[in-house]
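# Secondary and tertiary structure notes
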Amino acid sequence: MPGGTIVALVGLALASPGWQSDPPVAAAKQVVFRTSHGEFALELYPQSAPRHVNAFLERVQQGSYVGTAFHRAIARGIVQGGDPISRDPDRRDEYGTGGLFELLPERNEISHLRGTVSAVLVPGQPDSAGSQFFVCVTDQTQLDGQFTAFGRVVEGLEVVEEISLLPVDEQQRLLERVEVRETFLRDPPPPPVLPFADTPVAELAAHRVVLRTNLGELEIGFFPEEAPEHVRQFLRFSQEGVYQGTTFHRVVPGFVVQGGAAFSREPPLPRELRKYLKPLEAEFNQRKHLPGIVSMARADDPDSAVDSFFIVLQPAPFLDGKYTVFGEVTRGIDVVEGIAQVPTRGEAPIVPVRIESVSIRKD
């Protein structure tokens, strides 16, 4: 884990009865934390950690977390909260020492992946769990089997990540007060209907996306028969505004121009659009990487493509079957060639070639 390991500072708390009864019906609901830095929701796993879930729900329903603060963070690692002492700003040096020694461990099969909620422990004392908890901002599988995981953030994880990036002192205590203002239970919302998720393949093929750049317009058509999910995601990003403001951040004359990466977007991608950034399973097909072809960029993992795409400038057979071809430039290849000629420093254009607007038309 970057920055250190998850521990609570040693301290004492009153013992509790241990919450030995069966998990209440409320365990089927989601728990919402509304903080001074935004809100997030989590689901609980009573079958895996019944005592921890019962205790957590009891505190939520009694408002025990309201007024406490998230007091500790490791950048893109974890965020820690739930200490009752953190209600008092004047006791900041004691944060992390309260609400402990209340629960016995319930080790289980839940892995500490991104979003996992787990109980804080005093180092070397497995029976020291209590009201304090931490949220994994990134995968922390080295913690599996050492801490009791009992839930997972299902909405608003970007809020938790932003909290993890706030300034801290040398003891990883947050310098800014991030206070819990409200906690409540809610029924799980129905799964969101993603744009183009149910659009028939034949209808997908009738769509065209027009990218207007500061060097001119280009139009892209699609091959949904070969790569339906890549087409759906590209259309979704185009409609929802993910691609607007991104750049062609990589230019390799005689090879490709590459763009669409969310990290290049100005202004930065709004929080509500980040939920669309999900990896795609590869849809390798028989289409060749010929001039004008649009294919999806990825990392080493074949199933890691998300947002960045590239347009082929010259035949590149060594990419065939290794990257997912999903479209082609149907108009504006001269604009693509113009992008390929911009001055670069390495492979990065010296002056950004920005996608100023995106529109979709249907034949």
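Whatever comes next refers back to the structure up there.
Just so we're clear, the structure is a prediction, and the values are computed from it rather than from any experiment. (Residues numbered from 1 in each chain as written. Predicted model: local features only at pLDDT ≥ 70, side-chain atom pairs only at ≥ 80, totals over all residues. Heavy atoms only, no water.)

## Digging into the pairing of strand 8 (residues 173-186)
Cut-off, in case you're wondering: In this description, strands pair whenever DSSP reports at least two bridges between them. For helices the rule is a DSSP run of H or I covering at least 4 residues; for strands it is a run of E covering at least 2, with both sets numbered from the N terminus onward.
Note: strand 1 (residues 30-35) against strand 8, six bridges, orientation antiparallel. The residue bridging Arg34 from the neighbouring strand is Glu182, located in strand 8. With three bridges joining them, strand 3 (residues 69-74) and strand 8 adopt antiparallel strand pairing. If you follow Phe70 over to strand 8, its bridge partner there is Val178.

## A closer look at a negative patch on the surface
Selection criterion: For patch building, the residue pool is restricted to those with more than 30% relative accessible area and no salt bridge; the joining distance is 9 Å between like charges and 5 Å between nonpolar side chains (Val, Leu, Ile, Met, Phe, Trp, Tyr). Method for areas: the Shrake-Rupley scheme with a 1.4 Å probe, in which residue coverage is limited to the protein chains shown. We define a salt bridge as a side-chain nitrogen of Lys or Arg found within 4 Å of a carboxyl oxygen belonging to Asp or Glu. In this count, Lys and Arg are taken as positive residues and Asp and Glu as negative ones, while His and the chain termini are left out. Here the site of a charge means atom NZ of a Lys, CZ of an Arg, CG of an Asp or CD of a Glu.
A cluster of acidic residues, Glu281, Asp300, Asp301 and Asp303, forms a negative patch on the protein surface. Within the secondary structure, Asp301 is located in the loop between strand 13 (293-296) and strand 14 (309-312).

## Quick word on the sheet that holds strand 3
For clarity, the cut-off: Only the contacting stretch of a helix is used when fitting its axis, a line to C-alpha atoms as for every element, and angles between N-to-C directions run 0 to 180 degrees. The criterion used for residue contact is that any of the two residues' heavy atoms lie within 4.5 Å.
One closed barrel accounts for eight strands, arranged 1-2-7-5-6-4-3-8; its pairing is antiparallel. Between one strand axis and the next, the sheet turns through 35° on average, direction left out of account. Across three bridges, the pairing between strand 5 (residues 116-119) and strand 6 (residues 133-136) is antiparallel. Bridge pairing links Ser118 to Phe134 in strand 6. Contacts from helix 1 (residues 50-62) reach strand 1, strand 2 (38-44), strand 5, strand 6, strand 7 (149-155) and strand 8 within the one sheet, and its direction differs from that of strand 8 by about 90°. Of the strands in this sheet, strand 2, strand 3, strand 4 (78-81), strand 6, strand 7 and strand 8 are in contact with helix 2 (residues 157-164), which crosses strand 4 at around 90°.

## Describing helix 1
Rule in force here: Working rule for helices: expected span equals 1.5 Å times residues minus one. When accessible area is computed with a 1.4 Å probe and restricted to protein chains, residues below 20% of their type maximum are described as buried, those above 50% as exposed, and intermediate ones as partly exposed.
With 13 residues, helix 1 should cover 18 Å at 1.5 Å per step; its first-to-last C-alpha distance of 18 Å lies within 8% of that length. Of all the positions in helix 1, only Arg51, His52, Val53, Asn54, Ala55, Phe56, Leu57, Arg59 and Val60 are classed as buried. Where helix 1 is buried, its residues meet strand 1, strand 2, strand 5, strand 6, strand 7 and strand 8. At the exit of helix 1 stands Gly63, carrying a positive phi of roughly 75°.

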